[in-house]
Amino acid sequence: MIASYLPKYGAVLTLFVLSVGALDTFIAAVYEHAVILPNRTETPVPKEEALLLMNKNIDVLEKAVKLAARQGAHIIVTPEDGIYGWVFTRETIYPYLEDIPHPEVNWIPCKDPQRFGYTPVQERLSCLAKDNSIYVVANIGDKKPCNASDTNCPPDGHYQYNTNVVFDSEGKLVARYHKQNLFMGEDQFNKPTESEVVTFDTPFGRFGMFTCFDILFHDPAVTLVEDFHVDTIVFPTAWMNVLPHLSAIEFHSAWAMGMGVNFLASNIHYPPKKMTGSGIYAPDSPRAFHYDMKTQEGKLLLSQLDSHPYHPVLVNWTAYASGIEALSTGSQEFKSIVFFDEFTFLELRGVAGNYTVCQNDLCCHLSYKMSEKRSDEVYALGAFDGLHTVEGTYHLQICTLLKCKTMGLHTCGDSVETASTRFDMFSLSGTFGTQYVFPEVLLSEIQLAPGEFQVSSDGCLFSLKPLSGPVLTVTLFGRLYEKDQASNISSDLMAQTLRAHPYIPDNVSQINSDNILKERRRAHYFCKRLIVPTGRRQ
């Protein structure tokens with residue numbers, strides 16, 4: 001077994017131990033947890049009260065762990081913030097934190113709980129893993145003392161980290177990861193001074209892990225796949241769904257496919273903040289997923305995965321589209337907002353057709369055929385090539401076929417959850433300036449389409465058969481990581497505006513689109529070539 005903690009700009013320490021009894025397949029489990037929240041988070045509570053709440057949540061997680069183990073699961077992933085919730089200040093979260101040692105100390109908390117001080121949560125998680133012979137992935141808070149000799153030391157004399165931990169089937173702490181990319185509002189935690197890349201080896205493959213917002217950035221997510229060749233990602237998250245392109249099951253399954261790895265995503269279940277969507281995703285197709293905005297119940301998912309999934313050849317994401325001659329669209333183009341970004345759109349006017357729309361360096365090409373052209377629904381082809389600056393700064397290139405919320409074109413890009421129009425076929429491609437493109441297909445009622453689409457080696461996303469449900473969106477979501485810092489555009493004003501909102505707006509109409517634009521301004525053809533499952537590694 002390997003536990004590796006690899007600061008991007010620091011010393012590297014890797015412990016290699018020969019693993020035995022290697023498995024070709026394994027059973028993965030993820031649990032979407034309806035977290036029990038504290039009654040108050042405005043003032044610090046006694047440590048005893050904090051532990052009482054955490055034990056209530058672990059009681060629920062224990063049932064899921066035992067059930068998963070009885071069904072043969074080798075590993076279970078639980079959510080970010082799943083043990084104590086998320087609405088804290090730096091001071092009020094402190095009673096919930098424990099000092100989590102580096103796994104190189106070779107520690108089984110269940111057998112030696114006092115070795116590193118008072119660590120009841122780590123003890124209990126360790127015993128859950130040991131007693132049920134299963135790997136347990138959990139998210140808790142770490143605290144680390146520091147002093148004035150450390151120029152980065154916070155005024156209160158300690159660091160606080162959003163932390164994933166992994167206990168193996170013997171209860172041993174084998175991995176610890178401090179979240180690198182904190183989401184806005186996570187002021188209770190510190191960002192690590194060095195980027196961590198954390199892997200752990202098991203009899204069923206090499207694993208890497210990161211947390212929630214990390215998935216949108218190069219480090220550590222892409223580094224784990226490209227440089228450390230992990231087979232599977234474990235992903236605790238507290239994900240707030242944002243349609244049309246960033247719902248949990250939609251984007252997480254697309255990332256697994258785009259990067260060519262297994263992906264185990266465990267989300268919080270809290271519908272009032274649009275938090276739902278967990279899944280077990282293989283590179284070729286989702287294996288199990290769950291999206292539920294109607295009930296208040298948690299959900300356990302299990303599925304078998306290959307320990308070392310096939311990693312196909314690199315997709316050339318611009319080759320196919322570069323061979324297509326763009327058609328003149330003239331005055332037919334229109335602008336509309338998708339999650340605070342101004343897209344260029346074309347309305348799909350017929351039951352079938354070929355369309356091209358461009359923005360900056362990106363041209364998107366669509367060929368499609370609907371089962372019928374309904375008079376009560378509007379679909380559009382959109383392109384965006386630019387820097388997203390709200391709740392994070394990251395450069396995107398996106399080609400998207402989507403349903404507009406109403407018959408009004410200004411609603412193209414608003415949140416939509418239901419549709420009636422079915423597509424017999426589609427093919428979508430773009431002149432992407434990046435190799436990091438994630439293919440999304442989302443159907444009505446927020447459902448995925450396993451086995452119903454494919455990506456060609458020259459970068460065309462296409463349907464394999466008529467889709468099983470009406471379409472919400474078909475999207476190629478591209479990331480240009482190297483351009484994230486290329487602009488000095490400030491998102492401070494918009495970030496301050498959004499801090500007043502308890503969750504990300506599910507459509508832009510909740511905040512006046514014209515004002516957003518003013519502030520922002522201030523500061524076809526079907527694929528017939530070689531078909532391969534998409535993925536990054538060779």
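Remember, it's a predicted structure, so these values are computed and weren't measured experimentally.

**Student:** Is there a simple way to explain helix α5 (residues 248-259) in this structure?
**Tutor:** The periodicity of an α-helix, 3.6 residues per turn, causes residues three or four positions apart to be oriented the same way. The end-to-end C-alpha distance of α5, which contains twelve residues, comes to 16 Å, matching closely the 16 Å that a straight helix rising 1.5 Å per residue would cover. Counting buried positions along α5 gives twelve out of twelve residues, so the element sits mostly inside the fold. What α5 keeps buried is the set A248, I249, E250, F251, H252, S253, A254, W255, A256, M257, G258 and M259. Phi turns positive, to about 75 degrees, at G260, one or two residues after α5.

**Student:** Can you help me understand the sheet that holds strand β19 (residues 379-388) in this one?
**Tutor:** Each strand in a sheet pairs with another by means of backbone hydrogen bonds, the pair being arranged parallel or else antiparallel. Strand order across the open sheet formed by six strands is β15-β16-β19-β20-β25-β22, with antiparallel pairing between neighbours. One side of each edge strand has no neighbouring strand; the edge strands of this open sheet are β15 (334-338) and β22 (437-443). Along the sheet, successive strands turn relative to each other by an average axial angle of 20 degrees, direction set aside. Taken together, the ten bridges between β19 and strand β20 (residues 394-403) define a ladder with antiparallel strand orientation.

**Student:** Would you explain the packing of helix α1 (residues 47-70) against helix α3 (residues 120-132) in this entry?
**Tutor:** Each pair of packed helices gets described by two things: the angle between the helix axes and the distance between those axes. At a minimum axis distance of 10 Å, the contact between α1 and α3 shows a crossing angle of 10 degrees. Put simply, α1 runs roughly parallel to α3. Here L51, M54, N55, I58, D59, E62, V65, K66 and A69 of α1 come into contact with α3, specifically with P120, V121, R124, L128 and N132. Class assignment for the residues of the contact of α1 with α3 results in eight nonpolar, two polar and four charged.

**Student:** For this particular structure, what's the right way to read the UniProt feature "active site" (unreviewed entry) in the chain?
**Tutor:** Per the UniProt record, "active site" (unreviewed entry) is annotated on E80, K179 and C212. The named residues occupy 133 residues along the chain; their greatest pairwise C-alpha distance, 10.3 Å, places them in one compact cluster. Within the secondary structure, E80 sits in the loop between β4 (75-77) and α2 (90-93). In this view, E80 contacts N139, N162, K179, E186, T211, C212, P236, T237, A238, S266 and I268; residues no more than four positions away in its chain are not counted. Looking at the secondary structure, you find K179 in the loop between β7 (173-178) and β8 (198-202). The exposure class of K179 is buried, given its relative accessible area of 1%. Not counting residues within four places of it along the chain, the set of residues in contact with K179 comprises E80, N162, E186, P192, T211, C212, F213 and D214.

**Student:** So what exactly am I meant to see when it comes to the state of the cysteines here?
**Tutor:** All chains considered together, the criterion is met by five disulfides. The side chain of C110 participates in a disulfide bridge whose partner is C127; the two sulfur atoms lie 2.1 Å from each other. Between C110 and C127, the S-S torsion sits near 105 degrees, and that sign places the bridge as right-handed. Residue C110 is found in the loop between α2 and α3, and its partner C127 is found in helix α3; the two are separated by 17 residues along the sequence. C127 gets classed as buried once you look at its relative accessible area, which sits at 16%.

**Student:** Would you mind going over the nonpolar core with me for this structure?
**Tutor:** If you look at soluble globular proteins, the nonpolar side chains tend to sit buried side by side. Residues I75, F210, W255, F263 and L264 are the most contacted members of the largest nonpolar core, which totals 119 residues. Of the residues forming this core, the biggest block, eight residues, is contributed by α5. Once residues within four sequence positions are removed from consideration, W255 is found in contact with F210, I215, A221, V222, V225, I233, V261, F263 and F438.

**Student:** How should I be thinking about the pattern of salt bridges in this particular structure?
**Tutor:** Think of it this way: side chains of opposite charge can pair up when their charged atoms draw near. What the rule picks out here adds up to 17 salt bridges. Residue K66 pairs with E62 through a salt bridge whose shortest N-O separation is 3.1 Å. Of this pair, K66 and E62 are both found in helix α1, four residues apart, which corresponds to roughly one turn of the helix. In this structure K66 comes out as partly exposed when scored by relative accessible area, which is 34%. The salt bridge involving R374 is made with D376; its shortest N-O contact spans 2.9 Å. Take R374: its relative accessible area is 26%, and that puts it in the partly exposed class. What makes D376 partly exposed here is its relative accessible area of 45%. Sharing partners across several salt bridges, the network here consists of D59, E62, K66 and R124.

**Student:** Is there a simple way to explain the environment of L264 in this structure?
**Tutor:** Structurally, L264 can be placed in strand β11 (residues 262-267). Taking the relative accessible area as the measure of exposure, L264 reaches 0% and is therefore buried. Contacts of L264, omitting those with residues within four sequence positions, involve A28, V30, I75, V77, F207, T232, I233, V234, F235, G279, I280 and L305.

**Student:** In this structure, what is going on with the side chain of T237? I would like to understand it.
**Tutor:** Topologically, T237 is positioned in strand β10 (residues 232-237). Among all residues touching T237, those that are not within four sequence positions of it are P79, E80, C212, H252, S266, N267 and I268.

**Student:** Would you explain the side chain of T475 in this entry?
**Tutor:** Tracing the chain through its elements places T475 in strand β25 (residues 471-479). For T475, a relative accessible area of 0% translates into the label buried. Side chain to side chain, T475 and T473 meet in a polar contact 2.6 Å long. In contact with T475, other than residues within four places in its own chain, are H245, I398, C399, T400, L428, F438, P439, E440 and L461.

**Student:** What is the right way to look at unusual backbone geometry in this model?
**Tutor:** For residues that are not glycine, phi is negative in most cases, and the peptide bond is trans in most cases. Omega for the peptide link from D219 to P220 comes to 5 degrees, which places this bond in the cis form. Inspection of the secondary structure assignment puts P220 in helix α4 (residues 218-226). With omega at 15 degrees, the peptide bond leading from L243 into P244 counts as cis. Mapping P244 onto the fold places it in the loop between β10 and α5. Positioned with a positive phi, F340 is a non-glycine residue whose angle comes to about 75 degrees.

**Student:** Please clarify how the sheet that holds β4 should be interpreted in this entry.
**Tutor:** Reading across the sheet, the six strands line up as β7-β6-β5-β4-β3-β14 and stay open at both edges, with mixed pairing between neighbours. Unpaired on one side and paired on the other, β7 and β14 (299-306) mark the two borders of the sheet. On average, each strand axis in the sheet is tilted by 30 degrees relative to the strand beside it, whichever way the strands run. Judged from the ten bridges that link them, strand β5 (residues 135-145) and strand β6 (residues 158-167) form a sheet pairing that is antiparallel. Across the sheet, residue P145 finds its bridge partner in β6, namely H158.

Cut-offs applied
- Residues numbered from 1 in each chain as written.
- Predicted model: local features only at pLDDT ≥ 70, side-chain atom pairs only at ≥ 80, totals over all residues.
- Heavy atoms only, no water.
- Helix = DSSP H or I, 4+ residues; strand = E, 2+ residues; numbered from the N terminus.
- Expected span 1.5 Å × (residues − 1).
- Buried < 20%, exposed > 50% of the residue type's maximum accessible area, 1.4 Å probe, protein only.
- Pairing = 2+ DSSP bridges.
- Axes fitted to C-alpha atoms, helices over the stretch in contact; angles between N-to-C directions.
- Parallel < 35°, antiparallel > 145°, perpendicular 65-115°, else oblique.
- Contact = heavy atoms within 4.5 Å.
- Nonpolar A, V, L, I, M, F, W, Y, C, P; charged D, E, K, R; others polar.
- UniProt positions renumbered as here; feature names shortened; annotations may be inferred.
- Disulfide = S-S within 2.5 Å.
- Core = buried A, V, L, I, M, F, W, Y, C linked by side-chain atoms within 4.5 Å.
- Salt bridge = Lys/Arg side-chain N within 4 Å of Asp/Glu carboxyl O.
- Polar contact = N/O pair within 3.5 Å; in protein donor to acceptor, adjacent residues only side chain to side chain.

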